[in-house]
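Each chain is listed here by its residues.
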Amino acid sequence: MTQNLLRKILCSFFFVLGGLLYSQTVTGTVSDASGTLPGVNVIVKGTSNGVQSDLDGTYSLDNVATDAVLVFSYLGYKTQEVAVDGRSTIDVTLEEDIAQLDAVVVVGYGNQVRKEITTAVTSVGEEEFNQGVINNASQLLQGKVAGLSIYNKGGNPNDNGVIRLRGLSTVGGNTEPLVVIDGVLGQSLNNVDPSDIKNITVLKDGSAAAIYGSRASSGVILVTTKSGRSNQPFSVEYNGQYGVSNAVNQVEIMNRSQFLATGGTDLGADTDWIDEVTRSAFSQVHNIAATGGSENSNYRVAVNYRDTEGILLNSGFEQLNIRGNFTGTLFDDKLRINFNSAFTQRESDFGFNEALRYAIVYNPTAPVLGSDAPFPFNSEQFGGYFETLGLFDSFNPVSIAEQNRNEGTQTTINYNADFRYSFSDDLTATLNLGNQITKTNNNQYYPTTSFFRGGAVSPFRKGRADFYTSEAQTRTLELFGTYNKSFGDFFRMKLDGGYSWQESDFNEYYLQVGDFPPGVDFDFSNAIEVSQDLNEAGRVIANSGRNDDDRIIAFFLRGNFTFDDAIYLSASLRREGSSRFGADNQWGTFPSVAVGADLNNYLKWDNISLLKARLGYGVTGAIPPGVGLSQTTYNVINGAGGFGSSSTGIGTRLANPDLKWEEKRELNFGIELVMDRLSATLDIYDRDIVDFISNVAIDAAANNGFTSQFQNAGELNTKGVELAVNYDILRNDKVNYNMGLVLSTYETILEKNPGGDRTIANLGAPGQNDTNVILVREGEEVGQIWGPVFTGDVDANGSPILADINGDGVLLTDQGSALAEDGDFKKLGQGFPEFELGWSHRVQFGNWDVNAFFRGAFGHSLVNTFRAFYEPRIGSQSSYNYVNTELARDDIRTAQFSSYYVEKADFFRLDNLTVGYNFDIKDSFIKSARVSLTAQNLFTITDYTGADPEPSFQDRGSVANGDGLGGADVLAPGVDRRYNYFNSSTFTLGLNVKF
């Protein structure tokens, strides 16, 4: 036994001696595509022998056997193993690992490891963004997040579109999510160029958003912009795009021969009016970014230029965006200073959507120019254009687009400084200071020769100029601390708490003058002093408004707790006050609590990395849509003829000192599954919106003559389901193919209705001024399209025969009977889709990659107003063109709204297809290069006969004969108005070069 023990000791001695004789020191540098990487773990595989790379990315590791294997690992990068093979110097370049990057998610006032998140949060990285010419950052997310609806119906480049998270969240307030850019609240997605965005995180449920309190009832969108890294060599990156767009899915109308065969008036020409007012629209985008860093600082500066034309003549915009980011450390890295600033200037040519509307209805035999008229015509009076005089609501579309001007300029400057001090490894404090100033100038000009709004035939008022100016400033100060502490391997906690202050000032001015000297070729918007309106009382229109000291103050606390690395608990509380509320109710409290558990930590099922169940409840709020709504308003009566003193007239709105927050109370249950190739998330939610703020009509006799008051009245309930699935279909050395699918569905019920049951969304002129098409009824679903039913038969006069729905033998289809029990009205469709989907495909093979993204919405309907107005073959309207869809009938000769003009608008669209190639570049000052070709809106499968089947989430009304100048009504989805822009397809060539 003694001999055996001696033999073991001797063997061990010679083994150790051999290891010392044949071990060595290995040094090297760890980098990525942009530069060196500090803090990379370098370890000898199978041992505890390891080091981290220093601030220069270099490492030195002793006692490495010649046949050892080194393991290089770093958060956000693929782990790499390298055999030593007797080498003493080993340099490694790590590749980014997107899956690991997603492991840390920004959640508001900090970040959190994905597996520990107990709320409904979706994070979308740069590699997942939609490609092509992206005019607004919201388009990067379109169809990518379950429950997030983004629609820019028609695709007008000057429109922001509509963003809704989990359906309708309020009636009177802001229905769009709160935007937070680099930690600063209340920002706009217009103020960050899409090329500068690294990641966007969406906080969907109440427990996730409650930390933001009063403005979070519609959800929260967190934007993280790109920045530099320490010890990163200076590099320059260029992104360029060139695109061309053309109109698709136009409204079908009659050509000359069809129009004349129907009995139309012949004016001798053959004009395609849609072709005359649309064009092939060209766009270009240029982005140059410089990035670098030293041991204690880093920076990124980017300049973006966009020139985007719209398919409508004289529409589009030019935008310059400059963004800078600087980060530095002081006091042995204890103090980190991060400074962000951005300048955005946008010059827009809004054009006139009315040109598209009148291109549909204008006589196809009319000439463009007055010199081509079939009869003597005073072209000079109308700027050289032809006009069909004596007709109601008839204007030359080309004259509208080319004679008039509708322009605007917006300049935004924002900056914020973030100071974070680390008292210890566990305790940090952060001070964030921010400021944003936005100046807007819009103007419209109609010359004296313009028939459309210019009064070319008016003997009293020719020409018109409109001016609008506004300035908004928002200042932010936030101070909060973070405490992290681990208690062994079983329990960890993270506490965040702080103070938030934000104040906004806003002022605006509007002026309209007209009646300029006729017969003078001059832009009188530059000489408004010659306006003869100045000599006539009551003709000048002037308005102004000012809101100062619009303030929000809050105190917040949040705790995240982890037990056994598998059970997670999160709770938060925000106490917030706003100056917009009544004096007796300016403060509100917004709590949340959520719990989650990685069940597989105990089930131990094979091939499953995560099986997490979570349950969360949170309360968020919504502030009133304006300042001073809790206060009294009065009319002002001026002295007669401008003489004498003014006086305060009868009150119009009664004060309400009890006006308080709207509240969203949301319960969310979620399941997350992660396997080797498959990941899936399912969320089921139930939320109540209570005390939403409405302007309610009150009894004037009982309230000293006041007729209205803003009150907390009304309730909404929404139930929904969301599913997101990702699967790696192929994953090998040659081909990687990933498929993703997001699905969402919800239903919103109007539980309480302060305005009373009613019908809304008036179709408007001509001839349908009293026709409302949307039902608002307590206890029923929001967004019901309401009206009589067409039987399919027509009487001898060409009038559609409507159905006796209740079978009582009496037909009641007049608008006064719309809500009557014996009225013959019914639900004709639903304005909100029943479910929406996004379907993505990403394929990579060699240097090639292909990304295809499909998007669809199903179950919604649209009121096709072009058909309702212009499809009936009305004999008295022989000077107007007719809509001529496949549903048109020659025997219908009366405009009567019914189910005939309500169409199912389900659609499935290839929204984005990108093919890219990455060049292999060696021994060159160019680090990498990529070219891509992107097609947007390549095809759409739908039965809808209108221009665009996308849902219409809100209605801007029928003001001014349907031109859509009214305010948005969120209770009236599903109306496809005549002011909508035409849809287009875009092809884009892209180039990315890194130096």
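For the structure, check the block above.
Computed from a predicted model, the values in this text were never measured in an experiment. (Residues numbered from 1 in each chain as written. Predicted model: local features only at pLDDT ≥ 70, side-chain atom pairs only at ≥ 80, totals over all residues. Heavy atoms only, no water.)

A. Fine view of the packing of aromatic side chains. Using the criterion set out here, one finds 43 aromatic pairs in the structure. Residues Phe-377 and Phe-386 carry aromatic rings whose centres are separated by 5.0 Å and whose planes lie at 40° to one another, so their mutual orientation is tilted. Each member of the pair, Phe-377 together with Phe-386, is buried. Centroid distance Phe-866 to Tyr-870: 6.2 Å. Interplanar angle 45°. Geometry classified as tilted. Of the two residues, Phe-866 and Tyr-870 both sit in helix α9 (residues 865–870), four residues apart, roughly one turn of that helix. You'll find Phe-866 and Tyr-870 in the same group, each marked buried. Three or more aromatic residues joined by ring pairs make a cluster, and in this case those are Phe-352, Tyr-358, Phe-375, Phe-377, Phe-382, Phe-386, Phe-395, Tyr-446, Phe-451 and Phe-452. Between Arg-346 and the ring centre of Phe-317, over which it is positioned, the NZ or CZ distance is 3.6 Å. (Phe/Tyr/Trp six-rings, centres within 6.5 Å; stacked < 30°, edge-to-face > 60°. Buried < 20%, exposed > 50% of the residue type's maximum accessible area, 1.4 Å probe, protein only. Helix = DSSP H or I, 4+ residues; strand = E, 2+ residues; numbered from the N terminus. Lys NZ or Arg CZ within 6 Å of the ring centre and 35° of its normal.)

B. Region of the structure containing the side chain of Ser-207. Note on placement: Ser-207 falls in helix α3 (residues 206–209). The class for Ser-207 is buried, based on a relative accessible area of 7%. Side chain to side chain, Ser-207 and Asp-205 meet in a polar contact 2.7 Å long. Ignoring anything within four residues of it in the chain, the contact list for Ser-207 reads Thr-119, Ser-592, Val-593, Ala-594, Gly-616, Tyr-617 and Gly-618. (Polar contact = N/O pair within 3.5 Å; in protein donor to acceptor, adjacent residues only side chain to side chain. Contact = heavy atoms within 4.5 Å.)

C. Structural view of helix α6 (residues 354–361). Counting buried positions along α6 gives eight out of eight residues, so the element sits mostly inside the fold. Residues of α6 that are buried include every one of Glu-354, Ala-355, Leu-356, Arg-357, Tyr-358, Ala-359, Ile-360 and Val-361, and no others.

D. Fine view of the pairing of strand β41 (residues 790–794). As defined by bridge partners, β41 adjoins strand β42 (residues 800–802) across two bridges and the pair is classed as antiparallel. Its bridge partner being in β42, Phe-790 is matched across the sheet by Leu-802. The hairpin turn running from β41 into β42, its antiparallel successor, is five residues long, and Gly-798 in that turn takes a positive phi close to 85°. (Pairing = 2+ DSSP bridges.)

E. A look at the pairing of strand β40 (residues 784–787). The side-chain alternation of β40 yields two buried faces, one formed by Gln-784 and Trp-786 and the other by Ile-785 and Gly-787. Across two bridges, the pairing between strand β39 (residues 768–776) and β40 is antiparallel. By the bridge assignment for β40, Leu-775 is matched with Gln-784. As defined by bridge partners, β40 adjoins strand β43 (residues 826–830) across four bridges and the pair is classed as antiparallel. Following the sheet pairing, Ile-785 is matched in β43 by Gly-829.

F. Structural detail: the sheet that holds strand β2 (residues 41–44). Strand order in the open sheet formed by four strands is β3-β2-β5-β6, and the pairing between neighbours is antiparallel. Strands with a single pairing partner mark the edges of an open sheet, and in this sheet they are β3 (50–52) and β6 (80–83). For this sheet, the mean inter-axis angle between neighbouring strands, taken without regard to orientation, is 20°. (Axes fitted to C-alpha atoms, helices over the stretch in contact; angles between N-to-C directions.)

G. The arrangement of the sheet that holds strand β15 (residues 197–203) in detail. Here five strands make up an open sheet; going across it, the order is β10-β15-β16-β13-β14 and the pairing mixed. In the strand order of this sheet, the two ends are held by β10 (121–125) and β14 (184–185), each with one partner. As judged from the four bridges shared by strand β13 (residues 178–181) and strand β16 (residues 220–225), these two strands associate in the parallel manner. Bridging across to β16, Ile-181 finds its partner in Val-223.

H. Inspection of the nonpolar core at higher detail. Membership of the largest hydrophobic core comes to 76 residues, with the highest contact counts inside it found for Val-773, Ile-774, Phe-897 and Phe-982. For this core, the secondary structure elements donating two or more residues are α5 (273–277), α6, α7 (397–403), β33 (678–690), β37 (735–752), β38 (758–764), β39 and α9. At six residues, α6 tops the list of elements feeding residues into this core. Residues within four places of Ile-774 in sequence aside, it is in contact with Arg-758, Thr-759, Ile-760, Ala-761, Gln-784, Ile-785, Trp-786, Leu-971, Ala-972, Pro-973 and Val-975. Within the second largest apolar cluster, 20 residues are counted, among which are Val-124, Ala-137, Leu-148 and Val-179. (Core = buried A, V, L, I, M, F, W, Y, C linked by side-chain atoms within 4.5 Å.)

I. View of the pattern of salt bridges. Counted under the stated rule, the structure contains 51 salt bridges. A salt bridge links Arg-492 to Glu-116; its shortest N-O distance comes to 2.3 Å. Of this pair, Arg-492 sits in strand β25 (residues 491–514) while Glu-116 is found in the loop between β9 (111–113) and β10, placing the two residues 376 residues apart along the sequence. For Glu-116, a relative accessible area of 13% gives the class buried. The partner of Glu-663 in a salt bridge is Arg-665, with the nearest N and O atoms 3.1 Å apart. (Salt bridge = Lys/Arg side-chain N within 4 Å of Asp/Glu carboxyl O.)

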